[in-house]
Amino acid sequence: MRPLKLSVLVGLAALVATFVWFRGCDTRIAATDIPLDAAEAEKASIAGYGEIRIYRDARIAAGDLRDWTPATDPDGLDVLMISGGGGGGAFGVGVLSAWSETGTRPQFDVVTGVSTGALIAPFAFLGSAHDGTLVHLFTSGVADDLVATKFPVGLIGSSLLRSTPMRRMVEEFITQAVLQQVAAEHRKGRRLLVLTTNLDTQRAVVWNMGAIANSGRLDALKLFQDVMAASASIPGVYPAVMIEAESGGRRFQEMHSDGGSTSQVLILPQAILASTNPLVPAKRQSVDFHVIVNNALIPE
């Protein structure tokens, strides 16, 4: 089997500095397509979805946290955090598969993912039965065309690579059936969180993927896929993903990109950790944090 070749993106990212000054205007032409000011951006939401996302550094009222805090085993909590790392995601897939084979892999109460970790997270969340999908995704060569460049157009466009292959891969693996399974687990009290970077505000955004899946909205699958693609889209290498939001009765598009631009690992949001509705009630005996790092801990 051939390993995933996403690791070449690290080299491609180094080229961004050589062509970024060629870039022209933003892909959005009309000024009304972006938030007018920071206050408007702060209050922006996704129409019809409620509290499905928060800024990682924000604080929200305890009453708004029901869909965010896990509501599973009162005796213990298992949290899995999967980092970014491009083609290094194959390492994380290997860890999960081997862990399943030992028979000791827990059912995680919370799973978080960033960048390539976001691509892994839904299947890690759904359990060992989906290990085969992850192995196929990261070893079969299915993602080889993700590195198809736009030369020479890429040098004067908004990104080096096309978004079509990334989108096609996400749509192939994140299906309506996967969405329904994520929604079912969310209703059981388990939580799936993914990180993107809002390029307009330059802040990290945490998305409650289970709440999106469980919304019952006809466009839920598209939004779920948008967030997945955005989290894995390296700025300058892949185009940002445009997500429609609204604030103050006005709709506009936000630019979302690689969650790894702001953090390589998504620790539980400050809004949850600092809330009056604590993550670990007094009756809960333990919390185990499991972190899969798909990058080298020491620079190579």
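Residues numbered from 1 in each chain as written. Predicted model: local features only at pLDDT ≥ 70, side-chain atom pairs only at ≥ 80, totals over all residues. Heavy atoms only, no water.

Remarks on the overall build of the protein
Right, on to step 1. In terms of helices and strands, the protein carries 10 helices and 8 strands.
Right, on to step 2. Burial analysis of the protein (300 residues in total) assigns 51% to the buried set.
Right, on to step 3. Contacts in the protein between residues far apart in sequence, at least 24 positions, make up 77% of those at least 6 positions apart.
Right, on to step 4. If you sum the accessible surface of the protein, you get close to 13600 Å²; carbon and sulfur atoms cover 57% of it. (Helix = DSSP H or I, 4+ residues; strand = E, 2+ residues; numbered from the N terminus. Buried < 20%, exposed > 50% of the residue type's maximum accessible area, 1.4 Å probe, protein only. Contact = heavy atoms within 4.5 Å. Areas by Shrake-Rupley, 256 points an atom, 1.4 Å probe, with all protein chains shown as cover.)

Notes on the confidence of the model for the protein
Right, on to step 1. Looking at the protein, the pLDDT average stands at 78 and 70% of residues meet or exceed 70.
Right, on to step 2. Of the regions scoring below 50 in pLDDT, residues 1–32 engages in 53 contacts with residues more than four places distant in sequence or in other chains.
Right, on to step 3. Between residues 145–162, whose pLDDT stays under 50, and residues either more than four places distant or in other chains, the model counts 49 contacts. (pLDDT = per-residue confidence, 0-100.)

Some remarks on the pattern of salt bridges
Pairing between side chains becomes possible if they bear opposite charge and their charged atoms approach one another.
Right, on to step 1. Applying the stated criterion across every chain, the model contains 11 salt bridges.
Right, on to step 2. For the salt bridge of Asp226 with Lys222, the shortest nitrogen-to-oxygen distance reads 2.9 Å. Of this pair, Asp226 and Lys222 both sit in helix α9 (residues 220–231), 4 residues apart, which is roughly one turn of that helix.
Right, on to step 3. What emerges from the salt-bridge pattern is a single network uniting Arg167, Glu171, Lys222 and Asp226. (Salt bridge = Lys/Arg side-chain N within 4 Å of Asp/Glu carboxyl O.)

What to know about the packing of helix α4 (residues 116–126) against helix α7 (residues 176–187)
Right, on to step 1. Two elements in contact, α4 and α7, have axes separated by 10 Å at closest approach and are oriented at 60°. The angle between α4 and α7 places the two elements in the oblique class. In the packing of α4 onto α7, the handedness of the crossing is left-handed. Between α4 and α7, the contacting residues are Phe123, Phe125 and Leu126 on the first element and Val178, Gln181, Val182 and Glu185 on the second.
Right, on to step 2. Looking at side-chain class alone, the contact of α4 with α7 contains 5 nonpolar, 1 polar and 1 charged residues. (Axes fitted to C-alpha atoms, helices over the stretch in contact; angles between N-to-C directions. Parallel < 35°, antiparallel > 145°, perpendicular 65-115°, else oblique. Left-handed = near helix turned anticlockwise from the far one by under 90°. Nonpolar A, V, L, I, M, F, W, Y, C, P; charged D, E, K, R; others polar.)

Concerning the packing of aromatic side chains
Centre-to-centre distance and the angle between the planes together describe a pair of aromatic rings.
Right, on to step 1. Going through the model one piece at a time under the given rule, you end up with 1 aromatic pair.
Right, on to step 2. An angle of 65° between the planes, with centres 5.5 Å apart, marks the rings of Trp99 and Phe108 as edge-to-face. The exposure classification of Trp99 matches that of Phe108, with both residues buried.
Right, on to step 3. Seen from the ring of Phe125, Arg190 lies directly overhead, with NZ or CZ sitting 4.3 Å from the centre.
Right, on to step 4. Across the ring face of Tyr49, the terminal group of Arg217 is positioned such that the distance to the ring centre comes to 4.9 Å. (Phe/Tyr/Trp six-rings, centres within 6.5 Å; stacked < 30°, edge-to-face > 60°. Lys NZ or Arg CZ within 6 Å of the ring centre and 35° of its normal.)

What to know about the pairing of strand β4 (residues 191–198)
Right, on to step 1. The element β4 is largely enclosed, with a buried count of 8 among its 8 residues.
Right, on to step 2. Burial along β4 is two-sided: Arg191, Leu193, Leu195 and Thr197 facing one way and Leu192, Val194, Thr196 and Asn198 facing the other are all buried.
Right, on to step 3. One ladder, built from 3 bridges, connects β4 with strand β7 (residues 250–258); its direction is antiparallel. Residue pairing in the sheet places Asn198 in a bridge with His256 of β7. (Pairing = 2+ DSSP bridges.)

Quick notes on the packing of helix α3 (residues 89–102) against helix α5 (residues 131–139)
Right, on to step 1. Contact pair α3 / α5: the axes reach a minimum separation of 10 Å and the direction vectors enclose 155°. As summarised for this structure, α3 and α5 are arranged roughly antiparallel, according to the angle between their axes. Note on packing geometry: the crossing formed by α3 with α5 is left-handed. Facing Gly89, Ala90, Val93, Leu96, Ser97 and Ser100 of α3, the residues of α5 in contact are Asp131, Leu134, Val135 and Phe138.
Right, on to step 2. Considered class by class, the residues forming the contact of α3 with α5 number 6 nonpolar, 3 polar and 1 charged.

Regarding the environment of Ile46
Right, on to step 1. By the secondary structure assignment, Ile46 is in the loop between α2 (38–43) and β1 (53–55).
Right, on to step 2. Note on Ile46: relative accessible area 7%, which makes it buried.
Right, on to step 3. For the pair Ile46 and Glu246, spaced 200 residues apart in sequence, the C-alpha to C-alpha distance is 6.3 Å.
Right, on to step 4. Beyond its immediate sequence surroundings of up to four residues, Ile46 is in contact with Ile52, Arg53, Trp207, Leu223, Ile243, Glu244 and Ala245.

Describing α4
Right, on to step 1. Buried residues dominate α4, accounting for 11 of its 11 residues.
Right, on to step 2. Among the residues of α4, those classed as buried are Thr116, Gly117, Ala118, Leu119, Ile120, Ala121, Pro122, Phe123, Ala124, Phe125 and Leu126.
Right, on to step 3. In the segment just after α4, Gly127 is the residue with positive phi, at about 110°.

Points about the nonpolar core
One recurring pattern in soluble globular proteins: nonpolar side chains tend to sit buried together.
Right, on to step 1. With 57 residues, the main nonpolar core has Trp207, Met209, Ile212, Leu223 and Phe224 as its most contacted residues.
Right, on to step 2. By size, the runner-up hydrophobic cluster in this structure holds 14 residues, among which are Val79, Leu195, Ala204 and Val206. (Core = buried A, V, L, I, M, F, W, Y, C linked by side-chain atoms within 4.5 Å.)

Considering the side chain of Thr196
Right, on to step 1. Of note, Thr196 is situated in strand β4.
Right, on to step 2. Separated by 2.9 Å, the side chains of Thr196 and Trp207 make a polar contact.
Right, on to step 3. Side chain to side chain, Thr196 and His256 meet in a polar contact 3.0 Å long.
Right, on to step 4. If we skip the residues at most four places from it in the chain, Thr196 touches Arg203, Ala204, Val205, Trp207, Val227, Ala230, Ser231, His256, Ser257, Gly259 and Thr262. (Polar contact = N/O pair within 3.5 Å; in protein donor to acceptor, adjacent residues only side chain to side chain.)

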